[in-house]
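Read off the chains here:
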Amino acid sequence: MTPLIWILITIGAVTVIACGVRVHRVGGPSRDVAIALPVAAVLALPGLLADEATAAAWGLWGATTIAAALTWAVADTVRDIRRQTPGKPGTAS
């Protein structure tokens, strides 16, 4: 079960990184990001709870969860800033 946990944590971290790159390019949360970030945050949790996981695995899972939350917060903030900036295409003036 331990290799599966590490694989799931790695997939979660890669998903968060990919969402961060997408947010940077798009400039706000998209439907893909809105679905992927919560999934990435809790992906390894069942395995961690079922197995006696190491402290390192729990720590990396926590870091992935925090990174997912911060990525969403940045995306939401960028979206709000773009909406309030006059003169930009697609924003309210």
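Here goes a summary of the coordinates provided. Bear in mind that the values here come from a model prediction, so they are computed numbers and not experimental data.

Quick look at the packing of aromatic side chains
Under the criterion given, the structure shown has 1 aromatic pair. Their ring planes at 90° and their centres at 5.7 Å tell us that Trp58 and Trp61 sit as a pair that is edge-to-face. Here Trp61 and Trp58 lie together in helix α4 (residues 55–84), a separation of 3 residues that amounts to about one turn. Judged by relative accessible area, which is 18%, Trp61 ranks as buried.

With respect to helix α1 (residues 2–26)
For α1, which comprises 25 residues, the first-to-last C-alpha distance of 36 Å matches the rise-based estimate of 36 Å (1.5 Å per residue) to within 8%. Buried residues of α1: Ile5, Leu8, Ile9, Gly12, Val16, Cys19 and Val23, and no others. Here the buried face of α1 lies against α2 (31–42), α3 (45–50) and α4.

Considerations on the packing of α1 against α2
One way to put it is that α1 packs onto α2 with a least axis distance of 9 Å and a crossing angle of 155°. One way to sum up the angle between α1 and α2 is to call them roughly antiparallel. Where α1 crosses over α2, the handedness of that crossing is left-handed. Side by side, α1 and α2 meet where Gly12, Thr15, Val16, Cys19, Arg22 and Val23 of the first sit next to Asp32, Val33, Ala36, Leu37 and Ala40 of the second.

The rules we used
- Residues numbered from 1 in each chain as written.
- Predicted model: local features only at pLDDT ≥ 70, side-chain atom pairs only at ≥ 80, totals over all residues.
- Heavy atoms only, no water.
- Phe/Tyr/Trp six-rings, centres within 6.5 Å; stacked < 30°, edge-to-face > 60°.
- Helix = DSSP H or I, 4+ residues; strand = E, 2+ residues; numbered from the N terminus.
- Buried < 20%, exposed > 50% of the residue type's maximum accessible area, 1.4 Å probe, protein only.
- Expected span 1.5 Å × (residues − 1).
- Contact = heavy atoms within 4.5 Å.
- Axes fitted to C-alpha atoms, helices over the stretch in contact; angles between N-to-C directions.
- Parallel < 35°, antiparallel > 145°, perpendicular 65-115°, else oblique.
- Left-handed = near helix turned anticlockwise from the far one by under 90°.

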